[in-house]
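Each chain is listed here by its residues.
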Amino acid sequence: METDGFVRRRRMTAETAGNDPGVAGASAGAEVRWLGGRFWGVSESIVGSLTPRIGGEAELQTVELIRSAQDAQTEDSEPDYEGLPQGASTSTHMLAGAVAGIMEHCLMFPIDCVKTRMQSLQPDPAARYRNVMDALRRIVATEGVWRPLRGLNATAVGAGPAHALYFASYEKLKKTLSDVIHPGANSHLANGAAGCVATLLHDAVMNPAEVVKQRMQMYNSPYRGVLDCVRAVWQKEGPAAFYRSYTTQLTMNVPFQALHFMTYEYLQELLNPHRQYNPSSHMLSGALAGAIAAAATTPLDVCKTLLNTQESLTLSSLPSGQGPSQGQGQAAHRRISGLAHAFRTVYRLGGLPGFFKGVQARVIYQMPSTAISWSVYEFFKYGLTKHQHNKRRKQHMEAEM
């Protein structure tokens with residue numbers, strides 16, 4: 001149906017161009033200025049496919065048909081979001097999102113390992129680091145070159161489906177809410193709300209992987225591998241342990257993602273007002289949005305890390321009445337449970353500065369992380385959508401012939 005609509009618009013435009021070449025030329029010029037030449041390559045391929053049908057016509061009519069094809073291509077684009085063609089399917093968003101999520105987490109995993117350790121409230125003396133580079137150097141020197149990558153496979157398995165749901169739901173809700181709140185234009189409120197809902201789905205899938213990953217990242221982690229960690233946590237703490245930090249994760253990620261998406265879309269309006277596919281603007285907007293959101297939500301990330309890792313040194317330093325099993329003095333029977341308990345523990349052991357432990361590593365992690373995520377996502381989304389539209393046009397033209 002969408003392809004038929006595209007062809008009908010193309011025919012109507014071609015007929016109009018043939019009747020009034022001045023209007024066609026002005027329209028083409030306006031569209032080309034608006035898009036900045038983004039789709040010139042695609043337009044040339046359309047012209048090549050139309051050439052056999054217009055052979056023998058006058059040169060002026062050929063030029064007019066070329067312009068009308070460019071007009072039809074730009075009409076079929078989505079002007080309010082990245083200059084990408086309309087009709088990007090949910091599967092396209094999911095595939096592009098899955099690739100972006102896996103690449104983001106895998107490329108930045110060593111920095112994520114450092115962030116987890118630097119957020120420790122009671123670190124082992126051998127795991128106290130001055131900064132990110134000092135941490136990486138000492139981890140590699142004392143624990144081996146592969147140590148910063150422990151838990152990577154758990155993250156990769158979780159990141160694929162989590163980000164597929166994340167970007168697909170964001171795209172769908174953003175478009176729907178924008179049409180209601182501010183039809184025909186970008187709505188920051190819609191962007192923020194769509195980001196919040198997308199976070200609910202993302203964290204539901206990603207939270208168990210986060211628990212396993214962070215436990216394996218800690219200094220002197222007792223687990224031999226991912227499966228050993230999953231089995232030990234399940235047997236000792238029960239399945240609820242994999243979602244102990246879920247409410248904290250949401251409490252952190254909902255404002256993080258709302259701020260992240262609104263900042264990203266705002267920066268895109270400034271840096272890329274025509275919403276073309278522009279890798280440099282995607283990377284810069286993503287990096288700045290990630291840095292701002294990361295710094296603002298660091299206190300919640302510290303609490304989430306504490307809930308996920310249940311640090312043994314931190315638990316042993318708590319008074320016997322602080323765990324759920326009051327009156328039991330053994331650290332093994334104490335647990336940090338719930339956001340309020342985590343906040344009290346962080347404040348008791350670290351004061352106000354304790355809420356910003358690892359903020360440097362978190363910002364350094366999030367800036368390239370979000371830059372990679374957005375640039376990879378937009379690249380695959382644009383490429384897949386362009387390929388699908390070209391394939392549909394080719395099939396329809398073959399059917400016509």
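The chain is annotated in an unreviewed UniProt entry as Solute carrier family 25 member 28 of Acanthochromis polyacanthus. UniProt, in the comment section headed Subcellular location (unreviewed entry), describes the chain in these words: "Mitochondrion inner membrane".

Caption draft 1: Spatial organisation of the overall build of the chain. From N to C terminus, the chain includes 16 helices and two strands. Looking at the 401 residues of the chain, the share that counts as buried comes to 50%. Sequence separation of 24 or more characterises 78% of the internal contacts of the chain that already satisfy a separation of 6 or more. Approximately 17,900 Å² of the chain is accessible, and the part contributed by carbon and sulfur atoms is 63%.

Caption draft 2: Highlighting a nonpolar patch on the surface. On the surface, Tyr266, Leu270, Leu271, Leu284, Leu288 and Met367 cluster together to form a nonpolar patch covering roughly 520 Å² of accessible area. Those elements giving two or more residues to the nonpolar patch turn out to be helix H11 (246-271) and helix H12 (279-296). When residues in the nonpolar patch are grouped by element, the largest group, three residues, is from H11. Summarising the element assignment, Tyr266 is placed in helix H11.

Caption draft 3: Representation of empty space enclosed by the protein in the model. Under the criterion given, the structure shown has four cavities of 30 Å³ or more. By volume, the largest cavity amounts to about 390 Å³. Taken together, 27 residues form the lining of the largest cavity, with Glu104, His105, His202, Gln257 and Gln366 sitting closest to its centre. Listing elements by their share of the lining of the largest cavity, those giving two or more residues are helix H5 (90-107), helix H6 (109-118), helix H8 (152-181), helix H9 (188-217), H11, helix H13 (298-309) and helix H16 (359-400). At seven residues, H11 tops the list of elements feeding residues into the lining of the largest cavity. When the residues that make up the lining of the largest cavity are grouped by side-chain class, the tally is eight nonpolar, eleven polar and eight charged.

Caption draft 4: Main features of the environment of Phe355. Relative to the assigned elements, Phe355 resides in the loop between helix H15 (339-350) and H16. Classification of Phe355 by relative accessible area gives buried; the value is 9%. Along the backbone, Phe355 and Leu300 are 55 residues apart, and their C-alpha atoms lie at a distance of 7.7 Å. Setting aside anything within four residues of it in sequence, one finds Phe355 in contact with Thr298, Pro299, Val302, Cys303, Phe343, Val346 and Tyr347.

Rules used throughout
Residues numbered from 1 in each chain as written. Predicted model: local features only at pLDDT ≥ 70, side-chain atom pairs only at ≥ 80, totals over all residues. Heavy atoms only, no water. UniProt positions renumbered as here; feature names shortened; annotations may be inferred. Helix = DSSP H or I, 4+ residues; strand = E, 2+ residues; numbered from the N terminus. Buried < 20%, exposed > 50% of the residue type's maximum accessible area, 1.4 Å probe, protein only. Contact = heavy atoms within 4.5 Å. Areas by Shrake-Rupley, 256 points an atom, 1.4 Å probe, with all protein chains shown as cover. Patch = residues over 30% accessible without salt bridge, like charges linked within 9 Å, V, L, I, M, F, W, Y side chains within 5 Å. Salt bridge = Lys/Arg side-chain N within 4 Å of Asp/Glu carboxyl O. 1 Å grid on protein atoms, 1.4 Å probe; cavity = no way out; pocket = protein on both sides within 12 Å on 5 of 7 lines; lining within 4 Å. Points joined across faces, edges and corners; volume = space filled by probe spheres on them. Nonpolar A, V, L, I, M, F, W, Y, C, P; charged D, E, K, R; others polar.

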